[in-house]
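Overview (structure and organization)
So you can see what is in the structure, the chains are spelled out below.
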Amino acid sequence: RPVRHPAFREAAGNVDPRSALCVPIALPQEKLGVLLLESTTGSDDFEIDDLRFAATLAAQAAIAIGNALRLRRIVAMDRQRQEYLSNVSHELRSPLTVIQGYLEALANGGEGSEQAAHYLRVALEQTQRLGRMIDEVLHVSQLEQGMAQRHVTWTPVSLTDLLRSVVLTVRQEA
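The sections below set out a description of the structure shown in this document. Since the structure is predicted, the reported quantities are computational estimates derived from the model, not experimental observations. Along each chain, the written sequence defines residue order, and numbers are assigned to residues from 1. For a predicted model such as this one, the threshold for reporting local features is a pLDDT of at least 70, and the threshold for listing and counting side-chain atom pairs is 80 or more; totals across whole chains, interfaces and linings nevertheless cover every residue. As a rule here, side-chain values come from all non-hydrogen atoms in the structure, and water together with hydrogens is ignored.

**A short note on the side chain of S39**
- Secondary structure elements follow DSSP: runs of H or I of four or more residues count as helices, runs of E of two or more count as strands, with numbering from the N terminus. For S39, the position within the fold is in strand β2 (residues 30-39).
- In protein, a polar contact means a hydrogen-donor-capable atom and an acceptor-capable atom, both N or O and within 3.5 Å, with residues adjacent in sequence counting only if both atoms are side-chain atoms; elsewhere, any N or O pair within 3.5 Å suffices. Looking at S39, its side chain comes within polar contact range of the side chain of D45, at 2.2 Å.
- Those residues in contact with S39 that lie beyond four places of it in its chain are P17, R18, S19, D45 and F46. The contact rule is simple, with two residues in contact once any of their heavy atoms fall within 4.5 Å.

**Section: the nonpolar core**
- Put simply, buried Ala, Val, Leu, Ile, Met, Phe, Trp, Tyr and Cys residues joined by side-chain atoms within 4.5 Å make one nonpolar core. Relative accessibility under 20% of the residue-type maximum defines a buried residue, over 50% an exposed one, and the middle range a partly exposed one, all with a 1.4 Å probe and only protein chains included. Of all hydrophobic cores here, the largest spans eight residues; its members are L21, V23, I25, L27, L35, A54, A58 and A62.
- Those elements that provide at least two residues to this core are β1 (19-27) and α2 (48-109).
- Residue contributions to this core peak at four residues, all from β1.
- In this structure, L27 is in contact with L32, A62, I63 and G66, ignoring residues within four places of it in sequence.

**Section: unusual backbone geometry**
- Residues other than glycine seldom take positive phi values, yet N14 does so here, at roughly 60 degrees.
- Its place among the elements puts N14 in the loop between α1 (6-11) and β1.

**What to know about the pattern of salt bridges**
- Any carboxyl oxygen of Asp or Glu that lies within 4 Å of a side-chain nitrogen of Lys or Arg is treated as forming a salt bridge with it. Summed over all chains, the structure comprises three salt bridges.
- The salt bridge partner of D78 is R81, with a shortest N-O separation of 2.8 Å. Note that D78 and R81 are positioned in helix α2 at a spacing of three residues, about one turn of the helix.
- Assessed through its relative accessible area of 32%, R81 is described here as partly exposed.

This is the structure we're talking about:
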């Protein structure tokens, strides 16, 4: 006689099951779990339609679980991408600030030829342009982070209503 968790026994009204129907919850590339339906009323309570329904329910559960796993990977990759953009912006900004400081000192110092001062002004303009580009990349990263946070909305779901709707739909299709 198998050992059952007390919660399962309590859910069945403290009556042992007399029959069971078990179907795999699986994706083509991996096994996810098992859907187990038990009956306490008789040893032959499940029919072929029950098996079809359980198999359909398990297939839909596998799709939902697979989608959730893919979404988790996508969210993790997006987080890594955002961190990468932030790091790139910071790493480019640091040496750019040093270069810009030296160029400003040379350009404002007036030492050297007029042509050298011109070259320094051009270089300074280009570092400022590069700085604006880096700021734009950082801004896009921040916008994406804000959009991702506003885009996901979590709400409670009634499992009873959901299953009732699924049963009704499957029965109508049969």
